[in-house]
Structures are given as structure tokens and as C-alpha cells.
Amino acid sequence: MSESTTSTIEVRLNGDPMACPEGLSLLQLLELRGYKPQLVVVEFNGEILPRASWADQPVREADAVEVVTIVGGGS
């Protein structure tokens, strides 16, 4: 029998370990976790990444992703 074609990796999302499919882009990871990309800022391995690069940024084993949700309103 052959191995499963989909393997998983572990990343840290907001400080917590999370298993996800191997081969995802950062944008796909965010969408998988239910984030709306237009409403978040992302720090990837200690660096804030521009939204335009998320689709091209591969997510690999042990990457650290911090997601901050933008909240509108105020006074």
C-alpha cells in the first residue's frame, strides 16, 4: 500500500500548536481557520507580511503565525 498523498505538518497559530495539511499557502491556512483575510494582519515567523504575499507564502513545519483581527469602530 502507498502512503496517503496528504500529510500533515504542525505550525504554531497564535502561540498554539496546530496540525494542518502540508503544502498550504499562508492565505489557505488563514481561510482554513475561518479568518477573513481582509480583516486581519499577519506576523509570519516574526515578520509582518503584506497581504499581497500571502498566497505565495508557503507554510512549513514549525512556522509561527500570529493573527491579529482588525476591529472597526471606536470613539
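Here we summarise the structure given alongside this text.

About the criteria used
- Residues numbered from 1 in each chain as written.
- Predicted model: local features only at pLDDT ≥ 70, side-chain atom pairs only at ≥ 80, totals over all residues.
- Heavy atoms only, no water.
- Helix = DSSP H or I, 4+ residues; strand = E, 2+ residues; numbered from the N terminus.
- Buried < 20%, exposed > 50% of the residue type's maximum accessible area, 1.4 Å probe, protein only.
- Areas by Shrake-Rupley, 256 points an atom, 1.4 Å probe, with all protein chains shown as cover.
- Contact = heavy atoms within 4.5 Å.
- Core = buried A, V, L, I, M, F, W, Y, C linked by side-chain atoms within 4.5 Å.
- Pairing = 2+ DSSP bridges.
- Lys, Arg positive; Asp, Glu negative; His and termini not counted.
- Salt bridge = Lys/Arg side-chain N within 4 Å of Asp/Glu carboxyl O.
- Polar contact = N/O pair within 3.5 Å; in protein donor to acceptor, adjacent residues only side chain to side chain.

What to know about the overall build of the chain
The helix and strand tally for the chain stands at one helix and five strands. Within the chain, buried positions represent 27% of all 75 residues. Of the accessible surface of the chain, which amounts to about 5,200 Å², a share of 51% is contributed by carbon and sulfur atoms.

Considering unusual backbone geometry
At Asn-14, a residue that is not glycine, the phi angle is positive and equals roughly 50°. Looking at where Asn-14 falls in the secondary structure, it is placed in the loop between β1 (8–13) and β2 (16–21).

Overview of the side chain of Ser-25
Following the sequence through the fold, Ser-25 ends up in the loop between β2 and α1 (26–32). Here Ser-25 is in contact with Trp-54, Ala-55, Gln-57, Pro-58 and Val-59, once residues within four sequence places are set aside.

With respect to the nonpolar core
One finds Leu-26, Leu-29, Val-42 and Val-65 to be the most contacted residues of the largest nonpolar core, which totals 17 residues. Setting aside residues up to four positions removed in sequence, Val-42 forms contacts with Leu-26, Leu-30, Glu-47, Ile-48, Leu-49, Trp-54, Val-65, Glu-66 and Val-67.

Concerning the environment of Gly-46
In this structure, Gly-46 sits in the loop between β3 (40–44) and β4 (47–48). Given the relative accessible area of 60%, Gly-46 is considered exposed. C-alpha separation for the pair Gly-46 and Asp-63, spaced 17 residues apart in sequence, amounts to 9.7 Å.

Remarks on the pairing of β3
Residues Val-40, Val-42 and Phe-44 line the buried face of β3, whereas the alternating positions Val-41 and Glu-43 sit on a face that is not buried. Two elements, β3 and strand β5 (residues 64–69), share five bridges in a ladder whose sense is antiparallel. Residue Val-40 lies in a different strand from β5, and its bridge partner there is Thr-69. The hairpin formed by β3 and β4 contains two residues between the paired strands, and Asn-45 there has a positive phi angle of roughly 50°.

Description of the side chain of Asp-63
Relative to the elements of secondary structure, Asp-63 occurs in the loop between β4 and β5. Arg-60 provides the closest opposite charge to the buried, unpaired Asp-63, separated from it by 5.7 Å. Side-chain polar atoms of Asp-63 contact the backbone nitrogen of Arg-60, separated by 2.7 Å. Contact partners of Asp-63, with chain neighbours within four places excluded, come to Val-11, Arg-12, Phe-44, Asn-45 and Pro-58.

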